[in-house]
There are 2 protein chains.
Amino acid sequence: MSHQTVISIESIRIACRNCTLSSLCLPMGLAPEDVERLDGIIRRTRPLRRGDRPFQEGERFRSLFVVKTGSLKTFAATRDGSEQVLGFHLPGELIGLDGIDKGVHACTASALETSAICEIPFGQLEELTALIPSLQHQMYRLLSKEIGHDTDMLLVLGKKTAEERLAAFLLDFSQRLHRRGLSATDFYLSMSRHEIGNYLGLAVETVSRLFTRFQDDGLVHVERKHIRLLDLGALEAIANGQGPCRHQQQQR
Amino acid sequence: MSHQTVISIESIRIACRNCTLSSLCLPMGLAPEDVERLDGIIRRTRPLRRGDRPFQEGERFRSLFVVKTGSLKTFAATRDGSEQVLGFHLPGELIGLDGIDKGVHACTASALETSAICEIPFGQLEELTALIPSLQHQMYRLLSKEIGHDTDMLLVLGKKTAEERLAAFLLDFSQRLHRRGLSATDFYLSMSRHEIGNYLGLAVETVSRLFTRFQDDGLVHVERKHIRLLDLGALEAIANGQGPCRHQQQQR
DNA sequence: CCTCGTTTTTGATCTGGATCAAGGGTTTCT
DNA sequence: AGAAACCCTTGATCCAGATCAAAAACGAGG
């Protein structure tokens, strides 16, 4: 029995490490001793409960964070009091990158559900990336990927209709889950309709109506926050503006 | 006379180097010998004419580019044929960062007017940043700054009215010019109304009407593409949603 | 099991900005 | 200079999605 316990703890530890490090080193095939060094600077943090904030807008920037389990959102406040949701973050994803430039966090992160994250002190990570070229390259790629995701969102917010936005959102979620080996068609949306609307630049009511519409059209099955995508092809067509009800889009 | 020519070429070279390198090393106070090494990998390229494209969406990513003079836009095509302007780029600014992740450019860059740029082969830059910690740090900062600018735009496109968007756009331009030591209140908009609208998620007609309105209200003086900002305070108030005609903004 | 607060849904109405239309300006090419 | 191709502006109309309103569904705490 104690033997079993030891095995169990060890396997958890390995699982945990893999999950934490995967976004940093998996795509590169980092050498084992370098993985060890990277692992050395990563700090376990206490588990987060819904609403807990690993960092806050305006706070001094010290570390990046990796989502281990659960999910978080990031958001920034506007001058006039409202807030803009900037992103939702799933296991394996890195957050806090926007604080590097000014040394101050540019947004607040908040757990959407019970979650676990790891902290990576950025100063130590910088020292390490200077020594390990492939890790440096991976950091550049991660920062660039973030830029790419942001510009995708610019396109969504700048040009797409409400219908296209929600379809694109669901597909983005689906793909990110798939990349982590989770189901791409059947998942849990930990954020509220309000937060989805805020993220997509839509009113709550519009989001709710669209879910109903998508369900009526047989594209998805919605039950509270559990979503099942029934027709990925049709969703893609909608997200790309080739959906059924598109009278040819004028280039604004 | 030949003496004068030599001086002139040398001063141009210095001016050019300063301008090219400023975004990479000015904020850090890089050591002179490191500036020399960085300068060594920077390639002069032929001058661009309006419409020339230093790189194109889908093309293999090899280099970053620094704007020396003039201005460029970057844009990406949507599946349905239209395009989204992702940014306008002024002297001293770095473009091409979104290609690092996938090794392929994610957008196209196009000169808005006669412009000069420099090319920085990214492979060589990576080697250099691994050797020069402060340069590596500066690269992280530049990538992070880009993320910050993108998230600012997400906020603009997600939450702001047409009026607020144009005011924010003019102020952003003003600040970026100011940072390069140019006039913050009196400048030339090298892009068309159409391109401004595309960037801000607005129709051309709306942009045109807003310029007229701002001029009528005494906020700016517009003469074709020459703009003079007359009341920065009022523009900021508008950009922040505290403008005159704001019935308190509901948090969507 | 009930109560109170929050979230979601549905319906009715309103509006900011898109779209359509058309005239005058400016640049480019021949 | 003449013409073809944009670019910018202004006016009139329209509509996707916001806003307002209110009922239903949930969920946490007692």
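J.: What's the story with the interface of chain A and chain B in this structure? I'm lost.
T.: As a measure of interface size, the accessible area lost when the parts come together is often cited. Contacts between chain A and chain B engage 45 residues on the former and 45 residues on the latter. Taken over both partners, the interface formed by chain A and chain B buries close to 4800 Å², and the fraction arising from carbon and sulfur atoms is 58%. Area buried by chain A at its contact with chain B is led by Asp 101, Tyr 140 and Leu 154 of chain A, which between them contribute 15% of it. Applying the counting criterion to the chain A and chain B interface returns two salt bridges. The shortest N-O distance in the salt bridge between Asp 101 of chain A and Arg 141 of chain B comes to 3.4 Å. At the junction of chain A with chain B, the criterion picks out 20 residue pairs in polar contact (both at pLDDT 80 or more). In terms of residue count, the dominant contributor to the side of chain A that touches chain B is helix α4 (residues 133–159) of chain A (18 residues).

J.: What's the story with the protein's contact with DNA strand D in this structure? I'm lost.
T.: DNA strand D sits among 17 residues. The nearest are Ala 162 and Thr 206 of chain A together with Arg 193, Arg 209 and Thr 212 of chain B. Here DNA strand D approaches the protein such that, of its atoms within 4 Å, sugar and phosphate make up 62%. Glu 205 of chain A places a polar side-chain atom, nitrogen or oxygen, 3.1 Å from a base nitrogen of DNA strand D. In terms of residue count, helix α7 (residues 204–216) of chain B provides more of the surface near DNA strand D than any other element does, four residues in total. Of the residues contributing to the surface near DNA strand D, the split by class is three nonpolar, seven polar and seven charged.

J.: Sorry if this is basic, but what is going on with the sheet that holds strand β6 (residues 108–111) of chain B here?
T.: Strand pairs in the sheet, formed through backbone hydrogen bonds, run parallel or antiparallel to each other. Residue and element names in this part refer to chain B. The antiparallel open sheet is built from three strands, whose spatial order is β4-β3-β6. Because the sheet does not close on itself, it has two edges, and the strands there are β4 (83–89) and β6. Pairs of neighbouring strands in the sheet enclose a mean axial angle of 30°, with direction left out of account.

J.: What am I meant to see in the protein's contact with DNA strand C here?
T.: Near DNA strand C you find 17 residues, and of these Ser 208, Arg 209 and Thr 212 of chain A together with Ala 162 and Thr 206 of chain B are the closest. With respect to DNA strand C, the side chain of Arg 193 of chain A contributes an N or O atom lying 3.0 Å from a phosphate oxygen. Contacts to DNA strand C include Thr 206 of chain B, whose side-chain N or O atom sits 2.3 Å from a phosphate oxygen. The leading source of residues in the surface near DNA strand C is helix α7 (residues 204–216) of chain A, at four residues. For the surface near DNA strand C, the class distribution of residues is three nonpolar, seven polar and seven charged.

J.: Help me understand the sheet that holds strand β1 (residues 43–44) of chain A, please; the structure alone is not making it clear to me.
T.: Residues and elements named next belong to chain A. Strand order in the open sheet made by the four strands is β1-β7-β2-β5, with antiparallel pairing throughout. Strands with a single pairing partner mark the edges of an open sheet, and in this sheet they are β1 and β5 (94–95). Across six bridges, the pairing between strand β2 (residues 63–69) and strand β7 (residues 116–121) is antiparallel. Counted as the bridge partner of Phe 65 is Glu 119 from β7. Across the face of the sheet, helix α3 (residues 122–131) comes into contact with β1, β2 and β7 while running at roughly 65° to β7.

J.: Is there a simple way to think about the relation of the copies chain A and chain B in this case?
T.: Note: a rotation about an axis with an accompanying shift along it relates these two copies of the chain. The two copies are related by a screw operation: chain A maps onto chain B through 180° of rotation and 0.0 Å of translation along the axis, at an RMSD of 0.0 Å. Taken together, these values place the two copies in the relation of a two-fold axis. For chain A, the smallest separation between a C-alpha atom and the rotation axis is recorded for Ala 130 of chain A, amounting to 2.4 Å. Take the interface residues of chain A: 100% of them recur as interface residues in chain B, which is what a same-surface contact looks like.

J.: Teacher, can you tell me more about the pattern of salt bridges here?
T.: Once their charged atoms are close, side chains differing in charge can pair, the charge on each being opposite to the other. Residues and elements named next belong to chain A. Applying the stated criterion to the full structure yields 16 salt bridges over all chains. With a shortest N-O distance of 3.9 Å, Lys 73 and Glu 83 are connected by a salt bridge. Of this pair, Lys 73 sits in strand β3 (residues 72–77) while Glu 83 sits in strand β4 (residues 83–89), and the two are ten residues apart along the sequence. Look at Lys 73 and you get buried, because its relative accessible area is 10%. Relative accessible area serves as the criterion here: at 22%, Glu 83 is assigned to the partly exposed category.

J.: I'm lost on the nonpolar core in this one. Help?
T.: For soluble globular proteins, the rule of thumb is that nonpolar side chains tend to be buried together. Within the largest apolar cluster, 97 residues are counted, with the highest numbers of intra-cluster contacts made by Phe 169 and Leu 189 of chain A together with Phe 169 and Leu 189 of chain B. Cys 118, Ile 132 and Leu 135 of chain A together with Leu 94 of chain B belong to the second largest nonpolar core, which has 46 residues in total.

J.: Explanation requested: the pairing of strand β3 (residues 72–77) of chain B in the structure shown.
T.: When a strand is regular, its side chains alternate between the sheet's two faces. Residues and elements named next belong to chain B. With respect to burial, β3 is a largely interior element, five of its six residues being buried. Following β3, the chain reverses through five residues before pairing antiparallel with β4; Gly 81 in that reversal takes a positive phi of roughly 95°. Of the pairings in the sheet, the one linking β3 to β6 comprises four bridges and is antiparallel in character. Residue pairing for β6: Phe 75 is matched across the bridge by Thr 108.

J.: Which parts of the structure should I look at to understand the packing of helix α2 (residues 32–41) of chain A against α3 of chain A?
T.: Packed helix pairs are specified by the crossing angle of their axes together with the interaxial distance, meaning the distance between the axes. All names here are of chain A. Relative to each other, α2 and α3 sit at 165°, their axes nearing to 10 Å. Taken together, the axes of α2 and α3 are roughly antiparallel relative to one another. Handedness of the crossing formed by α2 with α3: right-handed. Facing Arg 37, Leu 38 and Ile 41 of α2, the residues of α3 in contact are Gln 124, Leu 125, Leu 128 and Leu 131. Classifying every residue of the contact of α2 with α3 by side-chain character gives five nonpolar, one polar and one charged.

Rules behind the numbers
Residues numbered from 1 in each chain as written. Chains lettered and ligands numbered in written order. Predicted model: local features only at pLDDT ≥ 70, side-chain atom pairs only at ≥ 80, totals over all residues. Heavy atoms only, no water. Contact = heavy atoms within 4.5 Å. Buried area = accessible area lost by both parts, 1.4 Å probe. Salt bridge = Lys/Arg side-chain N within 4 Å of Asp/Glu carboxyl O. Polar contact = N/O pair within 3.5 Å; in protein donor to acceptor, adjacent residues only side chain to side chain. Helix = DSSP H or I, 4+ residues; strand = E, 2+ residues; numbered from the N terminus. Near = heavy atom within 4 Å. Nonpolar A, V, L, I, M, F, W, Y, C, P; charged D, E, K, R; others polar. Pairing = 2+ DSSP bridges. Axes fitted to C-alpha atoms, helices over the stretch in contact; angles between N-to-C directions. Least-squares fit on C-alpha atoms with pLDDT ≥ 70 in both. Buried < 20%, exposed > 50% of the residue type's maximum accessible area, 1.4 Å probe, protein only. Core = buried A, V, L, I, M, F, W, Y, C linked by side-chain atoms within 4.5 Å. Parallel < 35°, antiparallel > 145°, perpendicular 65-115°, else oblique. Left-handed = near helix turned anticlockwise from the far one by under 90°.

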